[in-house]
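# Geometric and topological summary
Chain residues, written in single-letter form:
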Amino acid sequence: MAELEENLRELGIPLSRNIVPQVRINTRAKRRLGCCYYQDGVYAVEVSAALLEQPERLRQTLVHELLHTCPGCRNHGKRWKSHAAQVNEAFGYSIERTVQLEDDESGPLRKETVKYVLECQSCGIRISRTRMSKAVKSPWQYRCKCGGKLKRIQ
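Residues numbered from 1 in each chain as written. Predicted model: local features only at pLDDT ≥ 70, side-chain atom pairs only at ≥ 80, totals over all residues. Heavy atoms only, no water.

With that settled, the discussion passes to the overall build of the protein chain. Looking only at helices and strands, the protein chain features four helices and six strands. In the protein chain, the succession of helices and strands from N to C terminus is α-β-β-β-α-α-β-β-α-β. Scaling as 2.2 N^0.38, a compact globule of 154 residues should have a C-alpha radius of gyration of about 15 Å, whereas the protein chain reaches 20 Å, well beyond that. Projected onto the principal axes, the alpha-carbon positions of the protein chain cover approximately 60 × 35 × 30 Å. Taking all 154 residues of the protein chain together, the buried fraction comes to 37%. Taking the contacts inside the protein chain whose residues are at least 6 apart along the sequence as the reference set, 46% of them involve residues at least 24 apart. (Helix = DSSP H or I, 4+ residues; strand = E, 2+ residues; numbered from the N terminus. Rg over C-alpha atoms; globule rule 2.2 N^0.38 Å. Buried < 20%, exposed > 50% of the residue type's maximum accessible area, 1.4 Å probe, protein only. Contact = heavy atoms within 4.5 Å.)

See below:
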């Protein structure tokens, strides 16, 4: 990460000077590749353990999170996007706000299983859900886009 920080500083990216040098590895993360935490004036970067097998995606995720340490870049606003575009142009990266993981050639990182299935009683469309929700608990209170009643089948 120190090398990436140096590269970004050479580009003129105003990274914070208060970044924990060690990257935390999250073995439980399913829905995100990385995260930048800010607490007591110090930034800490965390990445998903699934990235350890993909060095290029790991580098880009670390850069993405490092950009959040810039002043005014704790979100994905104009300033963050401007820095990301500058890095993309300089290094040939494709740093974006979000990444489509399911369509990736290296296989999905998000391995979420479908736990619940709702079915429309009119058109037969099936709606998969990975978590409990109000619609899963009480499907009779919700409607399909076609207007049909929903029923939980799994």
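What follows continues from the structure just given.
Moving on, we come to the sheet that holds strand S5 (residues 126-129). Taken together, the three strands give an open sheet; going across it, the order is S5-S4-S6, and neighbouring strands pair in antiparallel fashion. Two strands in the sheet have a free side with no partner beyond their single neighbour: S5 and strand S6 (150-152). Each adjacent strand pair in this sheet contributes to an overall mean axis angle of 25°, direction not counted. Pairing of strand S4 (residues 116-120) with S5, which is carried by four bridges, proceeds in the antiparallel orientation. Within the sheet, the bridge partner assigned to Leu118 lies in S5 and is Ile127. (Pairing = 2+ DSSP bridges. Axes fitted to C-alpha atoms, helices over the stretch in contact; angles between N-to-C directions.)

A few words now on unusual backbone geometry. Both trends apply: most residues other than glycine have a negative phi, and most peptide bonds are in trans. For Asp40, which is not a glycine, the phi torsion comes out positive at approximately 55°. The class of Asp40 is exposed, set by a relative accessible area of 72%.

Attention now moves to the sheet that holds strand S1 (residues 24-26). Taking strand neighbours across the sheet as the criterion, the three strands line up as S1-S3-S2 in an open arrangement whose pairing is mixed. Of all strands in the sheet, those bounded by a partner on one side alone are S1 and strand S2 (34-39). The sheet shows a mean angle of 30° between the axes of neighbouring strands, taken without regard to direction. Taken together, the six bridges between S2 and strand S3 (residues 42-48) define a ladder with antiparallel strand orientation. Bridge assignment links Tyr37 to a residue of S3, and that residue is Ala44. Sheet contacts for helix H2 (residues 55-67): S2 and S3; angle to S3, the most-contacted strand, approximately 150°.

Moving on to helix H1 (residues 2-10). Taken together, the buried positions of H1 are occupied by Leu4, Glu5 and Leu8. Down the axis of H1, the buried set is contained in an arc of 100°. They therefore lie on one face. When the buried face of H1 is taken as reference, the exposed residues oriented beyond 90 degrees from it are Ala2, Glu3 and Glu10. Once H1 ends, the next one or two residues include Gly12, with phi positive near 95°. (Arc of directions from axis to C-beta.)

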